[in-house]
Amino acid sequence: MSDKINSPRPGFDRRAFLTGAAGTAVAIPLTARAANEPSQAAVAQDPAAPVQVTLRINGESRTLALDARTTVLDALREHAGLTGSKKGCDHGQCGACTVLLDGQRVLSCLTLALAAEGREITTIEGLAAGGKLHPMQQAFIDQDAFQCGYCTPGQIMSAIACVHEGHADSDDNIREYMSGNICRCAAYPNIVAAVKQAAPEILKG
Ligand code: FES
Ligand code: FES
């Protein structure tokens, strides 16, 4: 069969084209190797190569050298020294890692640090101000809303967002909108009571 059959345009010679393309493909790496430098493509494809990321965490800018695949949770815990946000499952199932991103709750184990650049991250460490606990922190203490406490930072961050979202207006809504946060020791009734206690104070600002 002729190479010119089904050519995209008259005069196009597929064999000549492929021969030329192969020659070009070989020439580029040879040139790069001759210069004894890694190609840009090779550098860009190394996901472990650190990249500089500047994160706003609790009102402060932090510049961190991170693997581009680092999650917000690992950036906080392993690089910024903020271990308040907990790693329960690392799979988006438990809510222990919940933080606020521009005031909205997110699962930090599923959020890439690169995607959070330029946005305001609030963690449990950023809630107390002037030596005074945030109303939701105080309510969790007052209502005895935790036992082991491992899920508590995520519960509190989620509860604050729940109030701001307008979902703390009934026990059923609180239960529904807090259902992404698992407490293995089942302090749920006390958590609902804590959200109800703190909501009015949070909403009045
Ligand atoms: Fe993120 Fe469990 S650690 S949802
Ligand atoms: Fe222990 Fe929630 S207080 S899992």
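What comes next is a walk through the structure. (Residues numbered from 1 in each chain as written. Chains lettered and ligands numbered in written order. Predicted model: local features only at pLDDT ≥ 70, side-chain atom pairs only at ≥ 80, totals over all residues. Heavy atoms only, no water.)

## Structural notes on the pattern of salt bridges
Here comes step 1: A full pass over the atoms with the stated rule returns 8 salt bridges.
Here comes step 2: The shortest N-O distance in the salt bridge between arginine 69 and aspartate 67 comes to 2.6 Å.
Here comes step 3: By relative accessible area, which is 23% here, aspartate 67 ends up partly exposed.
Here comes step 4: Linking aspartate 171 and lysine 196 is a salt bridge whose minimum nitrogen-to-oxygen distance equals 3.0 Å. A residue pair is termed long-range when its members are at least 10 positions apart, and aspartate 171 in helix H6 (residues 171-177) and lysine 196 in helix H7 (residues 188-203) qualify at 25 residues.
Here comes step 5: Taken together, the shared-partner salt bridges connect Asp74, Lys87 and Asp90 into one network. (Salt bridge = Lys/Arg side-chain N within 4 Å of Asp/Glu carboxyl O. Buried < 20%, exposed > 50% of the residue type's maximum accessible area, 1.4 Å probe, protein only. Helix = DSSP H or I, 4+ residues; strand = E, 2+ residues; numbered from the N terminus.)

## Focus: a nonpolar patch on the surface
Here comes step 1: Taken together, Leu133, Ile141 and Phe146 make up a surface patch of nonpolar side chains, about 240 Å² in accessible area.
Here comes step 2: Here isoleucine 141 is to be found in helix H4 (residues 135-142).
Here comes step 3: We classify isoleucine 141 as partly exposed; its relative accessible area is 46%. (Patch = residues over 30% accessible without salt bridge, like charges linked within 9 Å, V, L, I, M, F, W, Y side chains within 5 Å. Areas by Shrake-Rupley, 256 points an atom, 1.4 Å probe, with all protein chains shown as cover.)

## Regarding the pairing of strand S3 (residues 98-101)
Here comes step 1: Residues Thr98 and Leu100 line one face of S3 and the alternating positions Val99 and Leu101 line the opposite face, and both faces are buried.
Here comes step 2: Pairing between S3 and strand S4 (residues 104-107): 4 bridges, direction antiparallel. Among the inter-strand pairings, leucine 101 is bridged to a residue of S4, identified as glutamine 104.
Here comes step 3: Counting the residues between successive antiparallel strands, the hairpin from S3 to S4 contains 2 residues, one of them, aspartate 102, with a positive phi of roughly 50°.
Here comes step 4: Relative to strand S5 (residues 120-122), S3 is paired through 2 bridges, and the arrangement is antiparallel. Residue pairing for S5: leucine 101 is matched across the bridge by isoleucine 121. (Pairing = 2+ DSSP bridges.)

## A few points about the packing of H4 against helix H5 (residues 152-164)
Here comes step 1: Contact pair H4 / H5: the axes reach a minimum separation of 10 Å and the direction vectors enclose 120°. Between H4 and H5, the angle is such that the two are oblique. Considering only the axes of H4 and H5, their crossing is right-handed. Contacts between H4 and H5 involve Met136, Gln137 and Phe140 from the first element and Thr152, Gln155, Ile156, Ala159, Ile160 and Val163 from the second.
Here comes step 2: When grouped by side-chain class, the residues that make up the contact of H4 with H5 number 6 nonpolar, 3 polar and no charged. (Axes fitted to C-alpha atoms, helices over the stretch in contact; angles between N-to-C directions. Parallel < 35°, antiparallel > 145°, perpendicular 65-115°, else oblique. Left-handed = near helix turned anticlockwise from the far one by under 90°. Contact = heavy atoms within 4.5 Å. Nonpolar A, V, L, I, M, F, W, Y, C, P; charged D, E, K, R; others polar.)

## Describing the sheet that holds strand S1 (residues 50-57)
Here comes step 1: The mixed open sheet is built from 5 strands, whose spatial order is S2-S1-S5-S3-S4. Looking at which strands have only one partner, the edges of the open sheet turn out to be strand S2 (60-67) and S4. Taken over all neighbouring pairs, the strand axes of this sheet differ in orientation by 45° on average, direction set aside.
Here comes step 2: Helix-sheet contacts for helix H3 (residues 72-79) involve S1, S2, S3 and S5, and the interaxial angle to S2 is about 100°.
Here comes step 3: Its contacts with the sheet put H5 on S3, S4 and S5, and the angle it makes with S3 is roughly 40°.

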